[in-house]
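Letter by letter, the chains look like this.
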Amino acid sequence: MPCTLQSLKLKALYAISQVFDRALNLEQSLEDVLRVLSETLSMKRATITLPDRETGQLVIAASHGLTPEERGRGVYRLDEGVTGAIFQTARPYIVRDVRTDPLFLDRTGARKVEKGKISFLGVPILKQGAPIGVLNVDRLFSDEVSTSEDVEFLGIVATLVAQFLSLNEQVDERVDTLRRENVKLRTRVLDERGDYIVGRSAAMLDVQRQIERVAPTRATVLLLGESGVGKTLIARLLHNLSDRMVHPFVKVNCASIPETLLEAELFGHEKGAFTGAATGRAGRFEEAHRGTIFLDEIGELPPGVQAKLLRVIQDREFERLGSNLTHRVDVRIVAATNRDLAQLSEQGRFRQDLYYRLCVFPIRVPPLRERPDDVERLLNHFLAKAARDYRRVITLAPDALGLLRRHEWPGNVREMENLIERLAILSESGQIDRRFLEPLLEHSATENAQPDWPYPAATMGVGGVGGTGGMGGTGGMAGMGGGMGLHGHADVMAGAGPGAGPSLHDAHAGHGDGNALHGDSHPTTLRDIERNEIIAALRRNGWVQHRAAAALGITPRQMGYRIRKMGLSGLVAGERARRGD
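Residues numbered from 1 in each chain as written. Predicted model: local features only at pLDDT ≥ 70, side-chain atom pairs only at ≥ 80, totals over all residues. Heavy atoms only, no water.

**Considering the packing of aromatic side chains**
Turning to step 1, where the next piece is worked out: In total, this model carries five aromatic pairs according to the counting rule given.
Turning to step 2, where the next piece is worked out: Centroid distance Phe 267 to Phe 285: 5.5 Å. Interplanar angle 5°. Geometry classified as stacked. Highlighted residues: Phe 267 in helix H8 (residues 259-267) and Phe 285 in helix H9 (residues 284-287), separated in sequence by 18 residues. The burial state of Phe 267 is the same as that of Phe 285; both residues are buried.
Turning to step 3, where the next piece is worked out: Taking 6.3 Å as the distance between ring centres and 50° as the angle between the ring planes, the aromatic pair formed by Phe 285 and Phe 318 counts as tilted. (Phe/Tyr/Trp six-rings, centres within 6.5 Å; stacked < 30°, edge-to-face > 60°. Helix = DSSP H or I, 4+ residues; strand = E, 2+ residues; numbered from the N terminus. Buried < 20%, exposed > 50% of the residue type's maximum accessible area, 1.4 Å probe, protein only.)

Following this line, the structure appears as structure tokens:
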């Protein structure tokens, strides 16, 4: 018998060394070791228990012969049961009969169906003499085998496990170090290319540190801040500084897509799922597989889509519209909002469970008025950009620079960028003085005035001077700027509740644009012209959006986006109500 047992032990040790030699996954490798003990030496229900970094309690990190439910119950305080005693004393413990030892808790409940005597052996896993875990097994040998031999053998296995855990920890630390160095190098490259954060104020340096800390992880990030502060830029930085940078970065503006189409846009649809669905189509989540999806204006998400998004965040799975086939995706989620989601969740307008899932790592991007030290750096950055884009070098006279330094910048960085673009286009000389600048700055401030919304300024959106475009930008109709109007907030819609936005009465009462219904009588900018054209097309087509869109040669989705961004939703709703639609 001893000779046979000795050969079995040698066989087991050889198999364990082979496991560690080709180990790539810690948990799987530890479970393979426990499987060897069970199959070779009949040591059943083997477990390796390690301290949890968050709770400090001992939890089963690997097991063989336990169901997931039994394993999940294996949680112990450091002073609790046999496992706790082994960890605290750093000495082996033998339970000759689990039915009679008061310290044996059978927390997993795995031995309740067994009949007869079961012995239990546990040895500490030591690193430089200090316990870092516990190796436990059920002993099913006959009484001819001494427990001291078992303990001695398990001590050898525990030593191998300790070496493997130590090596794995060193590898993880090295990987973390390399990842941080990689982030710093990428940051330097992006900075030199001008694709990084320009601001160097204390507030923006704090934002930069948060970006560099969370970018290499899988964590969901929620970007908070007013419109125009640069949330889209930060979302792209999070992607470019992560391991996912070679995979897609997919942007979705949740406010620009009609509610009836948003679910199909995000999750895809099958052929025939709805009228007009002539073919199947992958959604944006599928397009972002292994990459990053950026959900802008997440606060505008309809309740029905919120529930489906919650499931994607939790399980990374969903079904296309019109299909029962489950799709799984590996995607990192970055969301952004200028709304107070905590307040909306308390009001029942945004799912609280979704809010907590999104708010794993929130980053607040401060408005420009809170970081005046960045104004001059940003001005130099955009002047250089305008010189490249328009091949015109313009400079600011001292009186103009002083005016810009004192400006409140309600539209934040986007307002500044679009203002410099306007100066590059409109100025006839190379130098901008105060007299030339003041009218443009006053018009910019009017466009970006903050409406009286029931949300704090730090989390409330304010309109940009041209949305994503401005003069010469990309967001406008027929090449014009697609910016927000005086009441440019995405939540201006009929039926949004008290304080949801300006109504038709507001427009005539002086709370909004007094010329909202008839358009500006003397349009002075491309945006004013575009706004008047939209109002005129809506009036000609009975305030029916899709008809007005067809008349202008744009899609209903584009029309809806412009109506919201120009603050016309209340006007349209009021006119349709007056007509009895």
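**Quick look at the confidence of the model for the protein**
Turning to step 1, where the next piece is worked out: Confidence along the protein averages 77 in pLDDT terms, with 76% of residues attaining 70 or more.
Turning to step 2, where the next piece is worked out: Within the model, the stretch residues 112-116 combines pLDDT values under 50 with three contacts to residues more than four positions away or in other chains. (pLDDT = per-residue confidence, 0-100. Contact = heavy atoms within 4.5 Å.)

**Some points on helix H4 (residues 81-89)**
Turning to step 1, where the next piece is worked out: All of the buried residues in H4 are Gly 81, Val 82, Thr 83, Gly 84, Ile 86 and Phe 87.
Turning to step 2, where the next piece is worked out: Turning to H4, the residues buried within the fold contact strand E1 (43-51), strand E2 (58-64), strand E3 (75-76), strand E4 (93-95), strand E5 (119-127) and strand E6 (130-139).
Turning to step 3, where the next piece is worked out: Looking one or two residues beyond H4, the residue adopting positive phi is Ala 90, at roughly 60°.

**Observations concerning the nonpolar core**
Turning to step 1, where the next piece is worked out: Judged by nonpolar contacts, the single largest core of 31 residues is most densely connected at Leu 266, Phe 285, Ile 293, Leu 295, Ile 298, Leu 309 and Phe 350.
Turning to step 2, where the next piece is worked out: For this core, the elements supplying multiple residues, two or more each, are strand E7 (221-224), strand E8 (249-253), H8, strand E9 (292-296), helix H10 (303-315), strand E12 (332-337), helix H11 (341-346) and helix H12 (352-358).
Turning to step 3, where the next piece is worked out: When neighbours within four sequence positions are excluded, Phe 350 is seen to be in contact with Ile 298, Gly 299, Gln 306, Leu 341, Leu 344, Ser 345, Tyr 355 and Leu 358.
Turning to step 4, where the next piece is worked out: Within the second largest apolar cluster, 29 residues are counted, among which are Leu 37, Leu 50, Leu 135 and Val 137. (Core = buried A, V, L, I, M, F, W, Y, C linked by side-chain atoms within 4.5 Å.)

**Some details on the sheet that holds E6**
Paired through their backbone hydrogen bonds, the strands of a sheet run either parallel or antiparallel.
Turning to step 1, where the next piece is worked out: Ordered by their spatial adjacency, six strands build an open sheet running E3-E2-E1-E6-E5-E4, and the pairing between neighbours is antiparallel. The sheet is open, and its two borders are formed by E3 and E4, each paired with just one other strand.
Turning to step 2, where the next piece is worked out: Inspection of the sheet shows E4 paired to E5 by three bridges, in the antiparallel sense. Bridge assignment links Val 95 to a residue of E5, and that residue is Phe 120.
Turning to step 3, where the next piece is worked out: Sheet strands touched by helix H2 (residues 26-41): E1, E2 and E6. Its angle to E2, the strand with the most contacts, is close to 55°.
Turning to step 4, where the next piece is worked out: Of the strands in this sheet, E1, E2, E3, E4, E5 and E6 touch H4, which is tilted by about 140° from E6. (Pairing = 2+ DSSP bridges. Axes fitted to C-alpha atoms, helices over the stretch in contact; angles between N-to-C directions.)

**A short note on unusual backbone geometry**
Turning to step 1, where the next piece is worked out: One non-glycine residue with positive phi stands out, namely Asn 412, at about 60°.
Turning to step 2, where the next piece is worked out: In this fold, Asn 412 is placed in helix H15 (residues 412-426).
Turning to step 3, where the next piece is worked out: For Trp 543, which is not glycine, the phi torsion reads 65° and is therefore positive.
Turning to step 4, where the next piece is worked out: Considering the arrangement of structural elements, one finds Trp 543 in the loop between helix H18 (526-540) and helix H19 (545-552).
Turning to step 5, where the next piece is worked out: The buried category is assigned to Trp 543, whose relative accessible area is 3%.

**Re the pattern of salt bridges**
Turning to step 1, where the next piece is worked out: Counting across every chain of the model gives 29 salt bridges.
Turning to step 2, where the next piece is worked out: What emerges from the salt-bridge pattern is a single network uniting Glu 265, Arg 281, Arg 284 and Glu 287. (Salt bridge = Lys/Arg side-chain N within 4 Å of Asp/Glu carboxyl O.)

**Remarks on the packing of H8 against H10**
Turning to step 1, where the next piece is worked out: At a closest axis distance of 10 Å, the pairing of H8 and H10 adopts a crossing angle of 15°. Considered as vectors, H8 and H10 are oriented roughly parallel to each other. The two elements H8 and H10 meet at a crossing, and its hand is left-handed. Residues Leu 262, Glu 263, Leu 266 and Phe 267 of H8 form the contact with H10, whose own contacting residues are Val 305, Lys 308, Leu 309 and Val 312. (Parallel < 35°, antiparallel > 145°, perpendicular 65-115°, else oblique. Left-handed = near helix turned anticlockwise from the far one by under 90°.)

**Some thoughts on the environment of Met 559**
Turning to step 1, where the next piece is worked out: Summarising the element assignment, Met 559 is placed in helix H20 (residues 556-565).
Turning to step 2, where the next piece is worked out: Sequence-wise, Met 559 and Ala 549 are 10 residues apart; in three dimensions their C-alpha atoms are separated by 5.7 Å.
Turning to step 3, where the next piece is worked out: Not counting the four nearest positions on each side in its chain, Met 559 is found in contact with Ile 534, Gln 545, Ala 548, Ala 549, Leu 552 and Ile 554.

**Let's talk about the sheet that holds E12**
Turning to step 1, where the next piece is worked out: An order of E8-E9-E12-E7-E13 is seen for the five strands of this open sheet, with the pairing classed as parallel. The sheet is open, and its two edges are formed by E8 and strand E13 (361-364), each paired on a single side. Strand-to-strand, the axes of this sheet are offset by a mean angle of 20°, without reference to chain direction.
Turning to step 2, where the next piece is worked out: Judged from the four bridges that link them, E9 and E12 form a sheet pairing that is parallel. Bridge pairing in E12 places Phe 294 opposite Val 334.

**Some words on the packing of helix H13 (residues 375-390) against H15**
Turning to step 1, where the next piece is worked out: Taken N-terminus to C-terminus, the directions of H13 and H15 make an angle of 45°; their axes are 9 Å apart at the nearest point. Looking at the two axes, H13 sits oblique to H15. Crossing of H13 against H15: the hand is right-handed. Within the contact between the two elements, H13 uses Val 375, Leu 378, Leu 379, Phe 382, Leu 383, Lys 385, Ala 386 and Tyr 390 and H15 uses Val 413, Met 416, Glu 417, Ile 420, Glu 421, Ala 424 and Ile 425.
Turning to step 2, where the next piece is worked out: When the residues that make up the contact of H13 with H15 are grouped by side-chain class, the tally is 12 nonpolar, no polar and three charged. (Nonpolar A, V, L, I, M, F, W, Y, C, P; charged D, E, K, R; others polar.)

**Observations regarding a nonpolar patch on the surface**
Turning to step 1, where the next piece is worked out: A cluster of nonpolar side chains, contributed by Leu 167, Val 171 and Val 175, occupies part of the molecular surface with about 240 Å² of accessible area.
Turning to step 2, where the next piece is worked out: Within the fold, Leu 167 resides in helix H5 (residues 147-193). (Patch = residues over 30% accessible without salt bridge, like charges linked within 9 Å, V, L, I, M, F, W, Y side chains within 5 Å. Areas by Shrake-Rupley, 256 points an atom, 1.4 Å probe, with all protein chains shown as cover.)

**A look at the side chain of Glu 319**
Turning to step 1, where the next piece is worked out: With respect to the element layout, Glu 319 can be found in strand E10 (residues 317-319).
Turning to step 2, where the next piece is worked out: For Glu 319, a relative accessible area of 17% puts it in the buried group.
Turning to step 3, where the next piece is worked out: Within the structure, the side chain of Glu 319 is placed 2.6 Å from the side chain of Arg 311, a separation counted as a polar contact.
Turning to step 4, where the next piece is worked out: Once you skip the residues sitting within four places of it in the chain, Glu 319 turns out to touch Phe 267, Lys 308, Arg 311, Asn 324, Leu 325 and Thr 326. (Polar contact = N/O pair within 3.5 Å; in protein donor to acceptor, adjacent residues only side chain to side chain.)

**Looking at the pairing of E6**
Turning to step 1, where the next piece is worked out: In terms of residue burial, E6 counts as a mostly covered element, since seven of its 10 residues are buried.
Turning to step 2, where the next piece is worked out: In terms of strand pairing, E1 meets E6 through five bridges, oriented antiparallel. Directly across from Lys 44, in E6, lies its bridge partner Asp 138.
Turning to step 3, where the next piece is worked out: Sheet topology note: the E5/E6 ladder contains nine bridges and is antiparallel. Residue pairing for E6: Leu 121 is matched across the bridge by Val 137.
Turning to step 4, where the next piece is worked out: Connecting the antiparallel pair E5 and E6 is a turn made up of two residues, with Gln 128 showing a positive phi of about 55°.

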